[in-house]
Amino acid sequence: LDAQMVSSLERLGVALGTDDCAVWALRWHNDRPRRVSGWPERAGGPTPASLREEAILTWARPRLEHGQEVQIDNIADPVPHVPVPSEPLEAASLLLLPLRVDGEVIGVLSLRHAFSQDWPVHVLGDLRTIGEIIATAFVRKRTDASMRQQLETLAHVNRVASLGELAASIAHELNQPLAAILSNAEAAQQLLTMSDPPMDELRAIVDDVIADDERAGGIIRNMRSMLRKHHIEATPIDVNAVATEITSLVAHDARLRGGALEIALGVDVPTATIDATQLKQVL
């Protein structure tokens, strides 16, 4: 959408012979006007001309919010209650058109010419129509971004709530490998007191400890990945592997409730491009 807005402003600017064509938001960043899209695209910091435009927008805001166009014959000339530019500016005219959606002014379309411009009534009417289209696209972009953020927050809350219900089961699953590690460590300690300890048994005990440690670590990693608030990342994953991980988390909970959990994995299941954490949450 950003690229399409810039392309539209470029076509508008070229058709009207402007030096600059931009969309400004009025209600962001502590109520200061903010340039959100424009042609030509600006690189680097603000210029004296852009700072002057921002000051003029602030001065003209009451009229713009009432739906009135504002024309400045020369941005270098003094404007009441607007600071005089510290550097001399080239002469340029400025047209400001309020952008409305459902009757509410949400932004401004600015057109800057290198010379004073007399805008015919029919051109202003066409610009108002174009401005409404641009304003609708701008509001859609802002709404989509807000909805994505709210959905990610809701998904995070749901994951936390779901894992709260599984806390007892996860704790029990951790107790099993930890108890096995302790039992093996005590057995190894007794074997080491012998004058000639059986090395084969000690090696087997160490292998068991490593396996139980990896099992406990896997449980913790699964829990942390589901709790972590993260941006959605769709990647190719093995669905069977995800299902198996979830089975290890909920199997004991099923037993506590008097049920038995069986899993039937598909054969030759293709990889799926999806967010693994969300799939775990659903399962």
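Located above this text is the structure these notes cover.
Positions within a chain are numbered from 1, following the residues in the order the chain's sequence is written. Since the coordinates come from a predicted model, pLDDT governs what is reported: local features require at least 70, and pairs of side-chain atoms require 80 or more to be given and counted, while whole-chain, interface and lining totals use all residues. Excluded from the side-chain calculations are hydrogens and water; all other atoms, namely the structure's heavy atoms, are used.

1. Notes on the sheet that holds strand S5 (residues 104-113)
Put simply, the rule reads: When DSSP finds at least two bridges between two strands, those strands are taken to pair. The way it works is that DSSP assigns letters per residue, a run of H or I at least four long becomes a helix, a run of E at least two long becomes a strand, and they are numbered from the N terminus. As a rule, the C-alpha atoms of each element are fitted with a line to give its axis, helices using only the stretch in contact, and angles between N-to-C directions run from 0 to 180 degrees. Contact definition: two residues touch when any of their heavy atoms are within 4.5 Å.
Read from one edge to the other, the open sheet built from five strands follows the order S2-S1-S5-S4-S3, with strand pairing classed as antiparallel. Each edge of the sheet is formed by a strand with only one pairing partner; in this case those strands are strand S2 (34-39) and strand S3 (70-72). Averaged over all neighbouring strand pairs, the angle between strand axes comes to 20 degrees, with direction disregarded. With three bridges joining them, S3 and strand S4 (residues 93-101) adopt antiparallel strand pairing. Each bridged residue has a counterpart across the sheet, and for Gln71 the counterpart in S4 is Leu95. Strands in contact with helix H1 (residues 2-16) are strand S1 (20-25), S2 and S5; relative to S2, the strand with the most contacts, it is inclined by about 65 degrees.

2. Quick look at the side chain of Asp212
As for its position among the elements, Asp212 is in helix H5 (residues 199-227). For Asp212, the residues in contact, after removing those within four places along its chain, are Pro177, Ala180, Ile181 and Asn184.

3. Points about the nonpolar core
What counts is decided by this rule: Buried Ala, Val, Leu, Ile, Met, Phe, Trp, Tyr and Cys residues that are joined via side-chain atoms within 4.5 Å together make up what is termed a nonpolar core. For every residue, the accessible area obtained with a 1.4 Å probe (protein chains only) is divided by the maximum for its type, and the residue is called buried under 20%, exposed over 50%, and partly exposed between those limits.
The biggest cluster of nonpolar side chains holds 21 residues, and the ones touching the most others in it are Leu9, Leu95, Leu109, Leu111, Trp119 and Leu127. Where this core is concerned, the elements lending two or more residues are H1, S1, S4, S5 and helix H3 (121-165). In terms of residue count, the dominant contributor to this core is H3 (six residues). Leu95 has contacts with Val70, Gln71, Leu109, Ser110, Leu111, Trp119, Leu124 and Leu127, leaving out every residue within four places of it along the chain.

4. Things to note about the environment of Pro198
Tracing the sequence through the fold places Pro198 in the loop between helix H4 (167-192) and H5. A C-alpha to C-alpha distance of 9.8 Å links Pro198 and Ala188, two positions 10 residues apart in sequence.

5. A short note on unusual backbone geometry
The omega torsion of the bond from Trp39 to Pro40 falls at -5 degrees, within 30 degrees of zero and hence cis. The residue Pro40 is located in the loop between S2 and helix H2 (48-65) in this model.

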